[in-house]
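# Structural description and commentary
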Amino acid sequence: MWPEGNADISPSRLVLWTGDQPMSASRQPAWPLLKASTVDMAKPFPFGTDPRGRIVYMELPYTNLLIGSIPGYGKTAALQLPALVAALDPHAELWAFELKGTGGLDPLAKVCARYGSGADDDTSEAALQALRDLRDECQRRAAIIKKLPKDVCPDNKVTPELARRIKGLHWLVALFDECQELFAHSEFGKEAGELAEKIIKLGRALGVILLKATQRPDAKSLPTGVSANVGTRFCLRVMGQLENDMVLGTSAYRNGIRATMFAKKDKGVGYLVGAADEAQIVRTYYLDGPTVEKLCQRAYAARVAAGTLTGQAAGQSAETPSARRETLLEDVASVYRAEEPKLWAETIVERLTALRPEVYGDLTRDHLTTALKPYGITTTQVWGTDPATGKGANRRGIERSIVTEAVAERNRRRGEPAA
Ligand SMILES: Nc1ncnc2c1ncn2[C@@H]1O[C@H](COP(=O)(O)OP(=O)(O)OP(=O)(O)O)[C@@H](O)[C@H]1O
């Protein structure tokens, strides 16, 4: 027996539908996009079926998606569907990070501009770097939109037409499976949470879409700024009211939207909130490994044909956060000349870029300050001379002694010599 509202008739209307077999055991038709050679990501896509077997659609533009449940109930399988939709639209860009390291999303790697799979710090840091870059990407897109004439962009947001026509405003979908590994990370978690919240708020209108799945929907693993701002939520089986409301929104449980009612057999069955006016019970389409592989192969071929294979999928080297992290402190310390007790942050960035262009080629002042924060290094106003004009000025910068202290402190923690 499955409950359902019907607010068109009355907010208090309750429809009870009784099936003659459990939802999880009833036959489900194949995913309608199984044979599609390409997909238009701007259109609603079939996400699953409801208890009566009707197709339930989801949209990707102008929203974000959060999926949660206890382990093993179909989060990755559900996350894979919007990811495949983005993959099959050759004009959309896809980034994917799977932070458990089981390789569940590996078939997507061949179409992802960025891809990471691993339970290690490097993969978490690459995911954090992706969030930093998404925040920058949002700012870049906002600047493009601002410059567009009103008749081209009347609502100050990326439309399906703009996404197709204007370079740099294409749909950009970034997914983070097992995102609790990043948000609860001792070093990267806080920054990741703040960035994700910002991107969720800004990205909606800018064609940047975040998809997240977590098996630990609690306050530490899912920052409230993230859970409170997500537009579309899918909650498979959970054990308590707290987890239920973290995924489905405050008061969901009190309002009778309870993913705690799903049983052991209800794999792939959950409550979907935000995709329609009413909460919907949905069983996602389930695609096995070989099918996903085939779809990704097709998505790859479509991107090759459209000339839209970019980033890692096009063989460009991935960001190397580990190289950055390992040598960053020493590199920063090395760019100070003997007579320089302090340097402007922008001078440090310039010299780092000259030192290792392959590592620091795209480093910005913002990246630098964020990357140094975990070591307790923050910028202050320091006096310096502009080499271009020869004039002195106070700008954000870093004292050399703070960097050398940070190197010594890190070495002490690692049990290495102080210098
Ligand atoms: N829509 C579905 N229909 C039928 N079975 C499904 C469906 N979705 C998932 N399953 C079953 O549930 C199993 C677990 O799915 P999945 O790996 O997506 O779960 P998960 O919640 O991501 O797990 P974990 O938290 O351990 O990563 C699948 O191997 C499959 O057998």
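Described in the following lines is the structure provided in the data block. (Residues numbered from 1 in each chain as written. Predicted model: local features only at pLDDT ≥ 70, side-chain atom pairs only at ≥ 80, totals over all residues. Heavy atoms only, no water.)

### Some remarks on the site of the ligand
The test is simple: We call a residue near a molecule or strand as soon as one heavy atom of that residue lies within 4 Å of the molecule or strand. Pairs of N or O atoms are called polar contacts if they sit within 3.5 Å, as long as, within protein, a hydrogen donor faces a hydrogen acceptor (for residues adjacent in sequence, only side-chain-to-side-chain pairs). Per-residue and other accessible areas follow the Shrake-Rupley method at a 1.4 Å probe size, with only the shown protein chains counted as cover for residues. Labels follow the DSSP assignment, with helices taken as runs of H or I lasting at least four residues and strands as runs of E lasting at least two, numbered in each case from the N terminus. Side-chain classes are defined by residue name, with Ala, Val, Leu, Ile, Met, Phe, Trp, Tyr, Cys and Pro counting as nonpolar, Asp, Glu, Lys and Arg as charged, and the others, Gly among them, as polar.
Among the 16 residues in the neighbourhood of the ligand, the closest are listed as Lys75, Thr76, Ala77, Lys100 and Thr284. Separating an oxygen atom of the ligand from a side-chain N or O atom of Lys100 is a distance of 2.7 Å. About the coverage of the ligand: the protein hides 73% of its 640 Å² of free accessible area. No other element matches helix H1 (residues 75-88), which puts 3 residues into the shell around the ligand. Residues belonging to the shell around the ligand are distributed by class as follows: 4 nonpolar, 7 polar and 5 charged.

### Here's the deal with unusual backbone geometry
Definition in use: We call a residue buried when its accessible area falls under 20% of the maximum for its residue type, exposed when it is over 50%, and partly exposed in between, using a 1.4 Å probe and counting protein chains only.
For Tyr62, which is not glycine, the phi torsion reads 65° and is therefore positive. The backbone of Glu178 shows a phi angle near 60°, a positive value even though the residue is not glycine. Mapped onto the fold, Glu178 is located in the loop between strand S8 (172-177) and helix H4 (180-183). Classification of Glu178 as buried rests on a relative accessible area of 2%.

### Some words on the side chain of His170
Where we set the bar: Any pair of residues with heavy atoms lying within 4.5 Å of one another is described as a contacting pair.
Mapped onto the elements of the fold, His170 is located in the loop between helix H3 (160-165) and S8. Reaching out from His170, the side chain makes a polar contact with the side chain of Glu93 at a distance of 2.7 Å. Beyond its immediate chain neighbours, meaning those up to four positions away, His170 contacts His91, Glu93, Arg141, Ala163 and Gly207.

Geometry only, nothing functional implied.
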